[in-house]
Amino acid sequence: MQTFRTVVVGAGGISKPWFEALKAEQVEVAGVVDIKKENAEARIREFGLAAEASTELKKTLRRCKPDFVIDLTIPESHGSVTVTALKAGYPVVGEKPMASSMAEARKMVKVSLATGKMYMVSQSRRWDSNTATFHQALSSGQIGGVTAVNCDFYIGAHFGGFRDAMPSPLILDMAIHHFDLVRYFTGADPVSVYAKEYNPRGSWYKGDVAASCIFEMSNGIIFTYRGSWCAEGCHTSWHGNWRVIGDRGTVLFEQDALPHGQKVTGPNGFFSATAPVEVQPVTVEKINMHGGLCEMLAFLRDGKTPQTVCTDNIKSLAMVFSAMESSRKGRPVAITW
Ligand SMILES: NC(=O)c1ccc[n+]([C@@H]2O[C@H](COP(=O)([O-])OP(=O)(O)OC[C@H]3O[C@@H](n4cnc5c(N)ncnc54)[C@H](O)[C@@H]3O)[C@@H](O)[C@H]2O)c1
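Residues numbered from 1 in each chain as written. Predicted model: local features only at pLDDT ≥ 70, side-chain atom pairs only at ≥ 80, totals over all residues. Heavy atoms only, no water.

Peer 1: Run through the packing of aromatic side chains, naming residues and quoting values.
Peer 2: Considering all chains together, one arrives at 16 aromatic pairs under this definition. With a centroid separation of 5.6 Å and 20° between ring planes, the pair formed by phenylalanine 215 and phenylalanine 223 is classed as stacked. Considered together, phenylalanine 215 and phenylalanine 223 belong to a single accessibility category, that of buried residues. Measuring from centroid to centroid gives 4.9 Å for phenylalanine 270 and phenylalanine 271, while their planes differ by 75°, and the two rings are edge-to-face. The same class applies to phenylalanine 270 as to phenylalanine 271, namely exposed. Taken together, Phe134, Phe179, Tyr184, Phe185, Phe215, Phe223, Tyr225, Trp242 and Phe253 form an aromatic cluster joined through their ring pairs. Over the ring of phenylalanine 159 we find arginine 163, and its NZ or CZ is 4.5 Å from the ring centre. (Phe/Tyr/Trp six-rings, centres within 6.5 Å; stacked < 30°, edge-to-face > 60°. Buried < 20%, exposed > 50% of the residue type's maximum accessible area, 1.4 Å probe, protein only. Lys NZ or Arg CZ within 6 Å of the ring centre and 35° of its normal.)

Peer 1: With reference to specific residues and values, describe the side chain of threonine 6.
Peer 2: Within the secondary structure layout, threonine 6 lies in strand β1 (residues 5–9). Of note is the side chain of threonine 6, whose polar atom sits 2.8 Å from the backbone oxygen of phenylalanine 68. What threonine 6 contacts, discounting residues up to four positions off in sequence, is Leu22, Val27, Glu28, Val29, Ala30, Gly31, Pro66, Phe68, Val69 and Ile70. (Helix = DSSP H or I, 4+ residues; strand = E, 2+ residues; numbered from the N terminus. Polar contact = N/O pair within 3.5 Å; in protein donor to acceptor, adjacent residues only side chain to side chain. Contact = heavy atoms within 4.5 Å.)

Peer 1: Report on helix α10 (residues 310–329), specifying residues and quantitative values.
Peer 2: Taking 1.5 Å per residue, 20 residues should reach 28 Å; α10 reaches 28 Å between its end C-alpha atoms and fits that length. The largest bend along α10 reaches roughly 25° and is located at serine 316. Counting buried positions along α10 yields 15 of 20 residues, so the element is predominantly enclosed. At the exit of α10 stands glycine 330, carrying a positive phi of roughly 70°. (Expected span 1.5 Å × (residues − 1). Bend = angle between axes of the 7 residues up to and from the residue.)

Peer 1: Please provide a residue-by-residue account of the nonpolar core, values included.
Peer 2: With 76 residues, the main nonpolar core has Met98, Phe179, Cys213, Phe215, Phe223 and Trp242 as its most contacted residues. With 11 residues, helix α8 (residues 169–186) is the single largest residue contributor to this core. Both of domain 1 (5–122) and domain 2 (129–282 + 318–334) provide at least three residues apiece to this core. Apart from the residues lying within four places of it in its own chain, the contact partners of phenylalanine 215 are Phe179, Ser192, Val193, Ile221, Ile222, Phe223, Met319, Ala323 and Ile335. (Core = buried A, V, L, I, M, F, W, Y, C linked by side-chain atoms within 4.5 Å. Domains from an automatic or database assignment.)

Peer 1: Let's hear about the site of the ligand: which residues, and what values?
Peer 2: Taken together, 26 residues lie around the ligand, and Ile14, Asp34, Asn39, Lys96 and Asp173 are the ones closest in. Contact distances for the ligand include 3.3 Å between an oxygen atom and a side-chain N or O atom of histidine 78. Here glutamate 95 contributes a side-chain N or O atom positioned 3.3 Å from a nitrogen atom of the ligand. Relative to its unbound accessible area of 850 Å², the ligand is 83% covered by the protein chains. In a pocket analysis with a 2 Å cut-off to the grid points, the ligand is assigned to the largest pocket. The set of elements that each furnish at least two residues to the shell around the ligand consists of α4 (75–87), α7 (162–165) and α8. A per-element tally of the shell around the ligand places α4 first, with four residues. (Near = heavy atom within 4 Å. Areas by Shrake-Rupley, 256 points an atom, 1.4 Å probe, with all protein chains shown as cover. 1 Å grid on protein atoms, 1.4 Å probe; cavity = no way out; pocket = protein on both sides within 12 Å on 5 of 7 lines; lining within 4 Å. Sits in = over half its atoms within 2 Å of the grid points.)

Peer 1: Tell me about the sheet that holds strand β5 (residues 92–95), and name the residues and values.
Peer 2: Here we have six strands laid out as an open sheet, ordered β3-β2-β1-β4-β5-β6, and parallel in their pairing. Each edge of the open sheet is held by one strand with a lone partner, namely β3 (52–54) and β6 (119–122). Between one strand axis and the next, the sheet turns through 20° on average, direction left out of account. (Pairing = 2+ DSSP bridges. Axes fitted to C-alpha atoms, helices over the stretch in contact; angles between N-to-C directions.)

Peer 1: Report on the domain arrangement of the chain, specifying residues and quantitative values.
Peer 2: It is common to give the size of an interface as the accessible area that goes away when the parts come together. Here the domain parsing of the chain yields domain 1 (5–122) and domain 2 (129–282 + 318–334). The C-alpha-based centres of domain 1 and domain 2 are spaced at 30 Å. On the side of domain 2, seven residues touch domain 1, which itself brings eight residues to the contact. Taking both sides of the interface into account, the surface hidden between domain 1 and domain 2 amounts to around 700 Å²; carbon and sulfur atoms contribute 76%. Per-residue buried area on domain 1 facing domain 2 is highest for Lys96, Pro97 and Met102; these three make up 57% of the total on that side. Between aspartate 173 and lysine 96 there is a salt bridge; the shortest N-O distance is 3.5 Å. The residue inventory of the side of domain 1 that touches domain 2, partitioned by class, reads five nonpolar, two polar and one charged. (Buried area = accessible area lost by both parts, 1.4 Å probe. Salt bridge = Lys/Arg side-chain N within 4 Å of Asp/Glu carboxyl O. Nonpolar A, V, L, I, M, F, W, Y, C, P; charged D, E, K, R; others polar.)

Dropping the structure here:
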């Protein structure tokens, strides 16, 4: 098997599952860069790596000459880290969200296209047996064409750290997953959004950590999203609880249980006659960050375009920033990228 060499930038909380995935795929870690060198050193020790710890990305890239770079820094650093790596000639897989502004994200896409170096965003929830099963159930066409999608996300999460201080922690750091998932589930792109962000009484976050959003998607699909990251009790799944309505039935995906639904089989008076939607469980072997890593490795090996290549993933990010803009302006806004 062809082996690869990488430099990891950002050795915080999320780097642990990435280092586990790198070990499983036998990817050599040549360098770990972090503005807090002790974080880089701690991961190197923990995983028994023969990698250099550093605070200087450019120098480490020059010394290590990896096959690709992994950007696991905080959202505000993604732009500078990824552009530096792309300009130095290296493909990048980076954590979501792509950037902390659309201007920055557009620049990242532009640099990726200009340098001809792949930049993909890891949207871990795409690489998951449950979401893949839901995707499969919807793609089977049993409920006809999709007309409406609802997603509810309610979790009381006491993180500490950057999320407590950032503006719009729910929309920027979490809802990006759900906005990306609705595009994955339906294949539709965003058209416009009307959103209201708010910070509920008793919130332990500085920024608005709750929101209600109505998106119009291509094909006329209406996507309604309600969420909060400071809702105590009765949590939904981290994937969100989903209802997808087609013109011939409905499928539900809730609390991480196997999706189930009903499809119309014919007329039956006031209500139509229905039968259960047939759901074929899909097993995804390489899940979450491991799945994101494998998309990059498949690109390096075979040139297969990752499903979350930056030119596509920027549409999910545009949903984020347009929702924030709509909330600020108090009116619906068109979504562009
Ligand atoms: N896919 C998921 O489910 C998931 C889950 C958690 C976090 N994430 C994402 O992963 C990213 C990191 O999150 P985290 O929880 O690990 O954050 P964290 O704060 O624990 O770690 C970030 C690390 O990056 C370092 N850093 C920041 N700016 C840097 C720079 N310019 N150069 C080098 N190092 C830099 C910090 O010192 C820190 O060690 C975020 O974008 C977050 O949204 C994704």
